[in-house]
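# Coordinate inspection notes
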Amino acid sequence: MNKGVLALFVRSMREDSRRILPYAARVALVLLVLLVVAISQQVYRFGGGAAGLRVFSGVTWLNFGFLTLIGLTYFASAITEEKEDGTLGLLRMTNLNPVSILLGKSTSRLIAALLLMAAQLPFTMLAVSLGGISMHQVLNTYLVMAAYAFLLCNLALVFSVICRRTASAAAMTVVVLLTITFGWMLFMGFTTALFDRSVPLFQDITMWLLSISPTTSLMKIFNTGFDEVLVYQPASNVVIGLVLFGISWAVFDVFNQGEGRGGARPKQAVTEEGVEAIRLPQVAKPRPGSWAVTWRDFYFYFGGLARQIYILALILAVIVLICVYVNVTSKYGMSLDDIAPLLITLGVCFVALRLGLGAAGIFKFERAGETLSALALLPKSMKRVAYEKVVALFLATIPGLVAIGLGIMIVDLPRFDHWDSDEYLSLFVTIASVMFGLHLVAYLSLYLRWGAFPIGIMACGVIWLLIFLMFVLVTRGRYDEESLFFPIGLTFSGFAVALHLLIGKRLYRLASES
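Every value quoted in this text rests on a predicted model; they were computed, and no experiment measured them.

## Concerning the overall build of the chain
- Counting its regular elements, the chain contains 22 helices and 0 strands.
- A total of 514 residues make up the chain; the buried ones form 43% of that total.
- Total accessible area on the chain stands at roughly 26,300 Å², and carbon and sulfur atoms take up 70% of it.

Here it is, written out as structure tokens:
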């Protein structure tokens, strides 16, 4: 192969080998695995069947979630980060062809993710000593995960080539992943409603959608007594990934014309996060008043009120599709009491993703454009500027909050006067944990260009496990909810306050340096 094709790829691999962050991430994941094994040894030392299977399945689903989050940030920013920084044109001016850029910016990241999983493999085998799982199941699991990583990387790469912003590429990747994971259910429901259940073609399509899903393979592996060799799902994921890489190669020049080739960039309708799309009808923008930063972020970064209405309509459309599927495939159908949990679940998921991704990019554009110093010159303090950006972020969660409110109204308004101390304590711990997580993600985003969201979530999980292990060891398994959760809530509250102060200091320092 021509050495010029691999030039950027080799350079990226050499840079990763000289940075401390990849090694720190591998060590952190290994320590997390050992921590889970240590906790499980304490929990299951007095008995419990298939302890090894439970431990390994927990670690695997944790890896699966972490890998998916990496795909929404690390993989999806392969090309978009160059567009956002305005450096893709410089890469094109070096006479690097599209495949060289794709290999250097995307495939190198895939190898870094695979190395993360490979570092855990020897330590996850400790689960075999706990019983209930075999080496064969462990190896098949990592084969499935590696194939999924290959598919996810190239899927995110396609949207990274097409979109201009990382958030846009991540959103499109989520939609396709949900289609791969749950699309077979909707397809089966609609085909059952329109055609006879015994139509072979539609049965084959449904089974194919099931067979390429990594979640289906993982659940199959975790069955006791599994002794097969999975071939179709890993092979299909690799083939689909190669096709997606080819698509990225084919459309690279189409969606990136004018980047470093001397031509003018084509005019595009840019939405809140830079998605190239047809311009949608807009709601009239009010005057900013004294909350100019909130006004700017809400209407130009988050799309304004019109975008929130469209997102709410999408959430309701998903609910309708699920209702149609259940009514077609089940003789019981769905009642309002069944719809309420769906509304609350989708609303909570949207709010969590919006807040997490928003906290990870709350000062992203200011850092990229080096405009923090300009914000510092405004007749308001940096603290006020930061608070106004937080208000805009919370306004962008309106669709999720409306969905949650509708679900609560359907099932009945909560009666707080009937709550006992345990329920108030759980609410306190939940709020403290969320505030700590958001502050941690925001703080990491002031140092990292990518990965603040998944790294922050992983760090929160590790801290939870450490605190839980500490209480298990101290109390020797004899503890109640109040003695466990109240100190945890206080700990997370203290961490959140400390990070709040550190974020302020970091902002002032970045503003003075830009």
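Now, onward.
## Section: the environment of Ala250
- Within the secondary structure layout, Ala250 lies in helix H12 (residues 232–255).
- Each C-alpha atom of the pair Ala250 and Val99 lies 9.3 Å from the other, and the pair is 151 residues apart in sequence.

## As for the environment of Trp450
- For Trp450, the position within the fold is in the loop between helix H20 (421–445) and helix H21 (452–475).
- Among the residues examined, Trp450 registers a relative accessible area of 26% and is labelled partly exposed.
- Spatially, the C-alpha atom of Trp450 lies 6.3 Å from that of Tyr74, the residues being 376 residues apart in sequence.
- Here Trp450 is in contact with Tyr74 and Ser77, once residues within four sequence places are set aside.

## Re empty space enclosed by the protein
- Per the stated rule, a full pass over the model turns up 6 cavities of 30 Å³ or more.
- Counted as a void, the largest cavity has a volume near 60 Å³.
- Considering the residues around the largest cavity, the lining is formed by Leu29, Asn63, Phe66, Leu67, Ile70, Ala113, Leu116, Met117, Gln120 and Met145.
- Elements represented by at least two residues in the lining of the largest cavity include exactly helix H3 (51–75) and helix H6 (98–124).
- The residue makeup of the lining of the largest cavity, split by class, is 8 nonpolar, 2 polar and no charged.

## What to know about the side chain of Thr166
- Turning to its location among the elements, Thr166 is positioned in helix H9 (residues 166–194).
- Here Thr80 takes part through its side chain, which lies 2.8 Å from a polar atom of the side chain of Thr166.
- With near-sequence residues (within four places) excluded, Thr166 lies in contact with Thr73, Ala76, Ser77, Thr80, Glu81, Glu84 and Lys364.

## Focus on the packing of H6 against H12
- In the contact formed by H6 and H12, the axes pass within 9 Å of each other and the chain directions differ by 125°. With respect to each other, H6 and H12 are oriented oblique. Like other packed secondary-structure pairs, H6 and H12 cross with a definite hand, here right-handed. Every residue of H12 that contacts H6 at Pro98, Val99, Ile101, Leu102, Leu103 and Thr107 is listed here: Phe245, Ser248, Trp249, Phe252 and Asp253.
- Tallied by class, residues from the contact of H6 with H12 come to 8 nonpolar, 2 polar and 1 charged.

## Section: a nonpolar patch on the surface
- Together, Trp291, Leu316, Val391, Leu395, Ile398, Val402, Leu406 and Met409 make up a nonpolar patch on the protein surface, roughly 630 Å² of accessible area in all.
- For the nonpolar patch, the secondary structure elements donating two or more residues are helix H18 (382–395) and helix H19 (398–411).
- Within the secondary structure, Ile398 sits in helix H19.

## Here we look at H3
- Between the first and last C-alpha of H3 there are 34 Å, a value that for 25 residues agrees with the 36 Å anticipated at 1.5 Å per step.
- With respect to burial, H3 is a largely interior element, 20 of its 25 residues being buried.

## Observations concerning the pattern of salt bridges
- Applying the stated criterion across every chain, the model contains 11 salt bridges.
- Here Lys105 makes a salt bridge to Glu81, at a shortest N to O gap of 3.2 Å. In this pair, Lys105 is assigned in helix H6 and Glu81 in helix H4 (residues 80–85), connecting sequence segments 24 residues apart. No difference in accessibility class separates Lys105 from Glu81, as the two residues are buried.
- In this structure, Arg384 and Glu388 form a salt bridge, with 2.8 Å as the shortest nitrogen-oxygen distance. Residue Arg384 and its partner Glu388 are located together in helix H18, separated by 4 residues, close to a single helical turn.
- Among the residues examined, Glu388 registers a relative accessible area of 0% and is labelled buried.
- Through salt bridges with shared partners, one network takes in Glu81, Glu82, Lys105 and Arg109.

## Section: the confidence of the model for the chain
- With 81% of its residues at a pLDDT of 70 or more, the chain has an overall mean of 79.
- Considering only residues more than four positions removed or in separate chains, one finds that residues 260–278, a stretch of pLDDT under 50, has 41 contacts.

## Details of the packing of H3 against H6
- Taken N-terminus to C-terminus, the directions of H3 and H6 make an angle of 165°; their axes are 11 Å apart at the nearest point. The angle between H3 and H6 places the two elements in the roughly antiparallel class. Crossing geometry of H3 relative to H6 is assigned as right-handed. Contacts from Phe56, Val59, Asn63, Phe66, Leu67, Ile70, Tyr74 and Phe75 in H3 reach Arg109, Leu110, Ala112, Ala113, Leu116, Met117, Gln120 and Thr124 in H6.
- Looking at the contact of H3 with H6 residue by residue, the class counts come to 12 nonpolar, 3 polar and 1 charged.

## Re the side chain of Gln137
- Following the sequence through the fold, Gln137 ends up in helix H8 (residues 135–162).
- Among the polar contacts made by the side chain of Gln137, one reaches the main-chain carbonyl oxygen of Ile221 at a distance of 2.7 Å.
- In this structure, Gln137 is in contact with Phe56, Gly132, Ile221, Phe222, Asn223 and Phe226, ignoring residues within four places of it in sequence.

## A closer look at the packing of aromatic side chains
- The full count for this structure, using the stated rule, is 12 aromatic pairs.
- Taken together, a centroid distance of 5.8 Å and an interplanar angle of 80° make the contact between Trp61 and Phe64 edge-to-face. Taken together, the positions of Trp61 and Phe64, both in helix H3 and 3 residues apart, correspond to about one turn of that helix.
- What makes Phe64 buried here is its relative accessible area of 14%.
- Seen in terms of ring centroids, Phe436 and Phe492 are 5.1 Å apart; in terms of plane orientation they differ by 45°. Their pairing is tilted. With Phe436 in helix H20 and Phe492 in helix H22 (residues 481–513), this residue pair connects regions lying 56 residues apart in the sequence.
- Phe492 gets classed as buried once you look at its relative accessible area, which sits at 1%.

## Focus: the nonpolar core
- One finds Phe56, Leu67 and Phe75 to be the most contacted residues of the largest nonpolar core, which totals 51 residues.
- For this core, the elements supplying multiple residues, two or more each, are helix H2 (20–43), H3, H6, H8, H9 and helix H11 (214–221).
- The residues touching Leu67, leaving out its near neighbours within four places in the chain, are Ala113, Met117, Met145, Tyr148, Ala149 and Leu152.
- Among the nonpolar cores identified, the runner-up in size contains 41 residues, and Leu69, Phe302, Val441 and Leu499 belong to it.

What counts, and where the lines are drawn
- Residues numbered from 1 in each chain as written.
- Predicted model: local features only at pLDDT ≥ 70, side-chain atom pairs only at ≥ 80, totals over all residues.
- Heavy atoms only, no water.
- Helix = DSSP H or I, 4+ residues; strand = E, 2+ residues; numbered from the N terminus.
- Buried < 20%, exposed > 50% of the residue type's maximum accessible area, 1.4 Å probe, protein only.
- Areas by Shrake-Rupley, 256 points an atom, 1.4 Å probe, with all protein chains shown as cover.
- Contact = heavy atoms within 4.5 Å.
- 1 Å grid on protein atoms, 1.4 Å probe; cavity = no way out; pocket = protein on both sides within 12 Å on 5 of 7 lines; lining within 4 Å.
- Points joined across faces, edges and corners; volume = space filled by probe spheres on them.
- Nonpolar A, V, L, I, M, F, W, Y, C, P; charged D, E, K, R; others polar.
- Polar contact = N/O pair within 3.5 Å; in protein donor to acceptor, adjacent residues only side chain to side chain.
- Axes fitted to C-alpha atoms, helices over the stretch in contact; angles between N-to-C directions.
- Parallel < 35°, antiparallel > 145°, perpendicular 65-115°, else oblique.
- Left-handed = near helix turned anticlockwise from the far one by under 90°.
- Patch = residues over 30% accessible without salt bridge, like charges linked within 9 Å, V, L, I, M, F, W, Y side chains within 5 Å.
- Salt bridge = Lys/Arg side-chain N within 4 Å of Asp/Glu carboxyl O.
- Expected span 1.5 Å × (residues − 1).
- pLDDT = per-residue confidence, 0-100.
- Phe/Tyr/Trp six-rings, centres within 6.5 Å; stacked < 30°, edge-to-face > 60°.
- Core = buried A, V, L, I, M, F, W, Y, C linked by side-chain atoms within 4.5 Å.

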